[in-house]
Each structure stands twice: as structure tokens, then as C-alpha cells.
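Listed below, chain by chain, are the residues.
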Amino acid sequence: MKENWKQAFEQMLASEGGFTDDERDKGNRLPDGRKGSTMLGVTQFNWENHIGHQVTHDQMRRLTPADVEPLYKKKYWDVVCADELPSGIDYLVFDMGVNAGPGRSIKLLQAVVGVTPDGGLGPISMAAVLAADPVELIKKFSDAKEEFYRGLDDFPVHGKGWLNRVAAVKIKASSMLG
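Keep in mind that what you see is a predicted model, and the values were worked out from it rather than measured.

**Focus: the overall build of the chain**
Scanning the chain from N- to C-terminus turns up 9 helices and 2 strands. Secondary structure elements of the chain, listed N to C terminal, follow the sequence α-β-β-α-α-α-α-α-α-α-α. What you see for the chain is a C-alpha radius of gyration of 16 Å, in line with the 16 Å of a compact globule of 178 residues. Here the C-alpha coordinates of the chain stretch approximately 45 × 35 × 30 Å along the principal axes. Looking at the chain as a whole, 43% of its 178 residues qualify as buried.

Here's what the structure looks like:
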């Protein structure tokens, strides 16, 4: 829902945290060999692509929520068609899109509602989402999200944080239901 953008953005930022350059995080590896970093959940790679030039770690550290909001809106919220999704489901799908990629989040949503997971939220997918029981949809999506994380090779490093996020997002998404 359009009305949920700010709330979803602020909640997602609370999950993402501040600056990190932990080399165990795949998001902190730049393709050109430089050591990368992440600020407010935005990887240096994504930030450089967004603004069109390289940045330093100090520049990454100085990013503010106002700086990164347009990136999150364009590359995540809009891509997962969150304005068209029911309240709560919008946040659920947006948050997964931020953490694991919007295409993966859409495919997970499609699988949960029983349509072909092709990564595009067209009319058939949207109809299935709108017809689903939102409480059950949040539960199934959260369970599938947990299963996805448990299958990642870096689950031993980041798994506890991911599972905490799954639980927190599930609670928040449920509280947003009409």
C-alpha cells in the first residue's frame, strides 16, 4: 500500500543497522577486488551503481536515511510492486527483497500463493495474492523465508540474525494487517 512506504522503510532500516565492512558478508565484496562496505543496508556496490561513481568507506559511513531512501524506493519497494500489495504483505515482500533480492522475494511470494514463480507480479500473481488469507500468507512466506536462509552456505555466520529478522518482520507485518 502506498500509505505504508515510510513505515516499511523505517522498519527495514532498523533491521539493517549501520556501517559494516565485515568481509564474511558477501555484500561487502566488490567485483573489482576492492574491499566493500555496507551502510544502512546499502552495499557499496549498489550505492556506486546508484550514484554512478566509486565511493570511499568514509563516504559510505556518512550516508543518511534521506540519502538511501530514493534507492530503496526505486530498486526494492517499486520493483516488488509494494504499492499494490495488501498492508503487511507489502512490508513482508519489501523486506525480503532488500535482504535477498526483489526477484527472489517475488518468486517466494508466488510460490507461497501457488502460481508459477517467474519473478514478475502480473495480474495472475496479484490476483492470487489478493485472494490469499493474509494471516496464512504471512505465516507461509515467513516459513519459506526461513527455509531459504537455512539453505545458504553462510547460515552458520549470519543465520541467527536472519532468523531474528524473519520473526520480527512477521510480527510487524501481522500488526499491519487491516
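**Concerning the environment of Asp21**
Residue position: Asp21 is located in the loop between α1 (5-16) and β1 (38-39). Distance from Asp21 to Gly36, taken between C-alpha atoms, is 6.3 Å for residues 15 residues apart in sequence. In contact with Asp21, not counting residues within four places along its chain, are Asn28, Lys35, Gly36, Ser37 and His57.

**With respect to the packing of aromatic side chains**
Scanning all chains against the criterion turns up 9 aromatic pairs. Arranged with centres 5.6 Å apart and planes meeting at 75°, the rings of Trp5 and Phe94 form a pair that is edge-to-face. Residue Trp5 is found in helix α1, and its partner Phe94 is found in helix α5 (residues 89-100); the two are separated by 89 residues along the sequence. Of the residues examined, Phe94 reaches a relative accessible area of 0% and is grouped as buried. Look at Tyr149 and Trp162: their rings are 5.0 Å apart centre to centre, the planes differ by 20°, and that puts the pair in the stacked class. Of the two residues, Tyr149 sits in helix α8 (residues 134-150) while Trp162 sits in helix α9 (residues 155-175), which places them 13 residues apart along the sequence. For Tyr149, a relative accessible area of 1% corresponds to the buried category. Feature note: the residues Trp5, Phe9, Tyr72, Tyr76, Trp77 and Phe94 constitute an aromatic cluster, connected by ring pairs. Stacked on the ring of Phe19, the Lys or Arg Arg61 has its end atom at 4.0 Å from the ring centre.

**Here's the deal with the layout of surface pockets**
Which parts of space are left empty comes out when a probe the size of a water molecule is rolled across the atoms. In this model, the largest pocket occupies a volume close to 940 Å³. Taken together, 31 residues make up the lining of the largest pocket; nearest its centre are Asp25, Gly27, Val98, Asn99 and Trp162. Where the lining of the largest pocket is concerned, the elements lending two or more residues are α1, α5, α6 (102-113), α8 and α9. Of the residues contributing to the lining of the largest pocket, the split by class is 9 nonpolar, 14 polar and 8 charged.

**Structural notes on the pattern of salt bridges**
In total, this model carries 13 salt bridges according to the counting rule given. Measuring nitrogen to oxygen at the nearest pair gives 2.9 Å for the salt bridge that ties Glu69 to Lys6. Here the residue Glu69 occupies a position in helix α4 (residues 65-77), and Lys6 occupies one in helix α1, the gap between them amounting to 63 residues. Between Arg165 and Asp95 there is a salt bridge, and its shortest N-O distance comes to 2.7 Å. Here Asp95 lies in helix α5 and Arg165 lies in helix α9, a separation of 70 residues in the sequence. For Asp95, a relative accessible area of 0% puts it in the buried group.

Rules behind the numbers
- Residues numbered from 1 in each chain as written.
- Predicted model: local features only at pLDDT ≥ 70, side-chain atom pairs only at ≥ 80, totals over all residues.
- Heavy atoms only, no water.
- Helix = DSSP H or I, 4+ residues; strand = E, 2+ residues; numbered from the N terminus.
- Rg over C-alpha atoms; globule rule 2.2 N^0.38 Å.
- Buried < 20%, exposed > 50% of the residue type's maximum accessible area, 1.4 Å probe, protein only.
- Contact = heavy atoms within 4.5 Å.
- Phe/Tyr/Trp six-rings, centres within 6.5 Å; stacked < 30°, edge-to-face > 60°.
- Lys NZ or Arg CZ within 6 Å of the ring centre and 35° of its normal.
- 1 Å grid on protein atoms, 1.4 Å probe; cavity = no way out; pocket = protein on both sides within 12 Å on 5 of 7 lines; lining within 4 Å.
- Points joined across faces, edges and corners; volume = space filled by probe spheres on them.
- Nonpolar A, V, L, I, M, F, W, Y, C, P; charged D, E, K, R; others polar.
- Salt bridge = Lys/Arg side-chain N within 4 Å of Asp/Glu carboxyl O.

Geometric descriptors of this kind do not, in isolation, establish any biological role.
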